[in-house]
Amino acid sequence: MPFSTYSSSSVKSRHVYDRLPLHGQDHRSPSPSPSRRAPRRARKLLTALVTTLAVVVTFRVYIHELTGVPTYQAIKRYERRLPQQDLDLPFPEGRNGRYVKFVPYSGYGWNNELQDIIMVSQIALLANRGYAFQPYIWSTNPFTPVVAELDLSFRSAQIPLNAFISGPISGNGHWEPEVGTQNASIPGTESLPQPRSISYDWWEVVCPPERRVVVDVQETRKELGIEWGAPVRDMIERWAEKLRAMNDSCVEVSGDRVFTFFDYGEKRLLSAWDILSNSPVIKQLTWSPMVNSILYQNLPLLQPPSPSAAPHDVIAPTLKGLLAVHIRRGDFYKHCLDRYKYNSEYNGWNSFPDYPDVFDPPPESATSGLTPTTRRDSYTRHCYPSLDQIVDRINLVRDEWYQQTGQMLDRVYVMTNAKSGFLDALRRRLTTASESGLWKAVVTTKDLSVPRHSMEVVVAADMLIGEKAEVFIGNGVIFVPLFQHQPDQKIHGPAGDEFSILA
């Protein structure tokens, strides 16, 4: 046994010494060759990336579930699969097509962003370029919901454009065929169709950074001779001419936005009406299925039941007997006072001379005899009216409409962000018998039945209801959709007297 034990130890020791390096050799363990290390590093990197991606996806799903903010996955998938987003399509689409991306609006209300989308897409149309359409951007971080400053509610950082609108402007279908005739000045493009709009995501694919030609807004304004206060029509035409003449496939308009708040806020904006009113940008613009579904689900609230109506009937172009009014509260008081401070007129699109209501800013001079309080009140009466002023104006418009048309308005729809207490008081005032009679129904934005996944587009449903109402009252401060300019049919004050259509 002792011998056996010793013998075993000796063998073990010998084997150990056999593995020791000889004199003069490196005493460190031999390292794997670079060719063997590379796969290990790749596996580690891939594992880390997959793990990170899983954590991010799980975090996003958890946050959206926790906050109730929709993900719009179906609409995003639809936008990714637009048929024009194919590198193999022939010119002027495909990998060598003609595209333009403009500086996006972000952090503003839906009406502000829609207005700008309409304007820059018109430039793209006249320039014979596919318009890279933006999502509605509240925050430049698209991955997690953000908190609204006013009511501390959660909202999506970005919402796909097709959640709000439909038509060629957002990549749905072709532009009208006759559009191509506008571009006869481009050599070789006389018979080419208008390139369709593409999403921001596809822009990154078809127009990678190395293929983009960047056009700075400020430098281009100087180059084109666009002076401060220039007619907006001239701005559209000069920008379109420049982008049309460029042979580059991918043009990115960078720096400032092409149109400023001043361009949108002054009467010179009306110079662009002839172009836009006849443009496919407006004629082919429609509301999204999601927005239309909100109206359809709430029709019983907005129109009286009809024995001839069937569930499959198409929604009528006009909701007879309905008066729509926008009443902006909350933070709008400060904005209203800013209009007074800057002696503002009505917003540009609300300044058509054929509207029955106009607004001339009261003079500021000392000789006018107007005190600052009087001037301020003349503004707040329009953009932040009191409850009494709202009730009086609604009843007056109803009486005037009956005198002019012989038709009676008997229901009110209130587009609003006002609190419940204010709306309850307004409803009581309007549905209580008075010298002007009473309203049969008063419905507000808060009364609409809206699925959770559609809550963030209810502002567009407000616009749609306002469009279909027989009479609309606005305040002239905020953008009124261009396809609502029908003064011969129904709009009393375009946004003409007391309230704004959207904010």
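Conventions we followed
- Residues numbered from 1 in each chain as written.
- Predicted model: local features only at pLDDT ≥ 70, side-chain atom pairs only at ≥ 80, totals over all residues.
- Heavy atoms only, no water.
- Salt bridge = Lys/Arg side-chain N within 4 Å of Asp/Glu carboxyl O.
- Buried < 20%, exposed > 50% of the residue type's maximum accessible area, 1.4 Å probe, protein only.
- Helix = DSSP H or I, 4+ residues; strand = E, 2+ residues; numbered from the N terminus.
- Right-handed = clockwise from strand over helix to strand, strands pointing away.
- Pairing = 2+ DSSP bridges.
- Arc of directions from axis to C-beta.
- Contact = heavy atoms within 4.5 Å.
- Axes fitted to C-alpha atoms, helices over the stretch in contact; angles between N-to-C directions.
- Parallel < 35°, antiparallel > 145°, perpendicular 65-115°, else oblique.
- Nonpolar A, V, L, I, M, F, W, Y, C, P; charged D, E, K, R; others polar.
- Patch = residues over 30% accessible without salt bridge, like charges linked within 9 Å, V, L, I, M, F, W, Y side chains within 5 Å.
- Areas by Shrake-Rupley, 256 points an atom, 1.4 Å probe, with all protein chains shown as cover.
- Lys, Arg positive; Asp, Glu negative; His and termini not counted.
- Charge placed at Lys NZ, Arg CZ, Asp CG, Glu CD.
- Polar contact = N/O pair within 3.5 Å; in protein donor to acceptor, adjacent residues only side chain to side chain.
- Core = buried A, V, L, I, M, F, W, Y, C linked by side-chain atoms within 4.5 Å.
- Phe/Tyr/Trp six-rings, centres within 6.5 Å; stacked < 30°, edge-to-face > 60°.
- Lys NZ or Arg CZ within 6 Å of the ring centre and 35° of its normal.

### Some remarks on the pattern of salt bridges
It is possible for side chains bearing opposite charge to pair when their charged atoms get close. Counting across every chain of the model gives 16 salt bridges. When the shortest N-O distance is used, the salt bridge between R411 and D410 registers 2.6 Å.

### Considerations on the pairing of strand β2 (residues 130-133)
Within a regular beta strand, the side chains point alternately toward one face of the sheet and then the other, so they alternate between its two faces. Neither face of β2 is exposed, since G130 and A132 on one face and Y131 and F133 on the opposite face are all buried. Assessed by its sense of winding, the connection that carries the chain from strand β1 (residues 99-101) through helix α4 (residues 110-126) to β2 is right-handed. Summarising the sheet, β2 and strand β8 (residues 198-199) pair through two bridges and their orientation is parallel. Each residue of the ladder has a partner; that of F133, found in β8, is S199.

### Details of helix α13 (residues 332-341)
What α13 keeps buried is the set F332, C336 and Y340. One face of α13 carries all of its buried residues, which in axial projection span an arc of 95°. Exposed positions of α13 whose direction lies more than 90 degrees from the buried face are K334 and K341. In this structure, the buried side of α13 is in contact with α14 (372-383).

### Some points on the packing of helix α6 (residues 217-224) against helix α7 (residues 232-245)
Packing of α6 against α7 leaves a shortest axis separation of 11 Å and a crossing angle of 100°. As the angle between them shows, α6 and α7 are arranged roughly perpendicular. Residues V217, T220, E223 and L224 of α6 pack against R238, W239 and K242 of α7. Grouping the amino acids of the contact of α6 with α7 by side-chain chemistry returns three nonpolar, one polar and three charged.

### Points about helix α11 (residues 289-297)
Residues M290, V291, I294 and L295 constitute the buried set of α11. Buried residues of α11 fall within an arc of 145° about the axis and therefore sit on the same side.

### Looking at a positive patch on the surface
The grouping of R40, R41, R43 and K44 at the surface amounts to a positive patch. The class for R40 is partly exposed, based on a relative accessible area of 40%.

### A word on the side chain of D462
By secondary structure assignment, the location of D462 is in helix α17 (residues 458-468). This buried residue, D462, is left without a salt bridge; K446 holds the nearest opposite charge, at 9.7 Å. Within polar-contact distance, the side chain of D462 engages the side chain of T445 at 3.0 Å.

### What to know about the nonpolar core
Among the nonpolar cores identified, the biggest contains 82 residues, and F102, W110 and F259 are the most heavily contacted of them. In terms of residues, this core owes the most to one element, α4, which gives ten residues. The contact partners of F102, leaving out residues within four places of it in the chain, are V120, I123, A124, Y131, Y200, L243, V253 and V258. Residues I394, V397, V414 and V442 belong to the second largest nonpolar core, which totals 17 residues.

### Some thoughts on the packing of aromatic side chains
A complete count under the given rule lists eleven aromatic pairs for this structure. Summarising the aromatic geometry, the rings of F102 and Y131 are spaced 6.5 Å apart at their centres and angled 45° between planes, so their arrangement reads as tilted. With F102 in the loop between β1 and α4 and Y131 in strand β2, this pair connects stretches of sequence that are 29 residues apart. When sorted by exposure, F102 lands in the same class as Y131, which is buried. Aromatic side chains W349 and F352 sit 6.3 Å apart centroid to centroid with 20° between the ring planes, which places their arrangement in the stacked category. We note that W349, like F352, is buried. Ring-pair connections join several aromatic residues into one group, and the members of that group are W273, W349, F352 and Y355. Here the guanidinium or amino end of K101 rests over the ring plane of Y200, the centre of that ring lying 4.4 Å away. Positioned above the aromatic ring of Y384, the side-chain terminus of R329 is 4.0 Å from the ring centre.

### Thoughts on the side chain of N162
Mapping N162 onto the fold places it in the loop between β6 (158-159) and β7 (165-166). A distance of 2.5 Å separates polar atoms of two side chains, one belonging to N162 and the other to N172. With residues up to four places along the chain from it excluded, the contact list for N162 reads I75, Y78, E79, F133, S170, N172 and S288.

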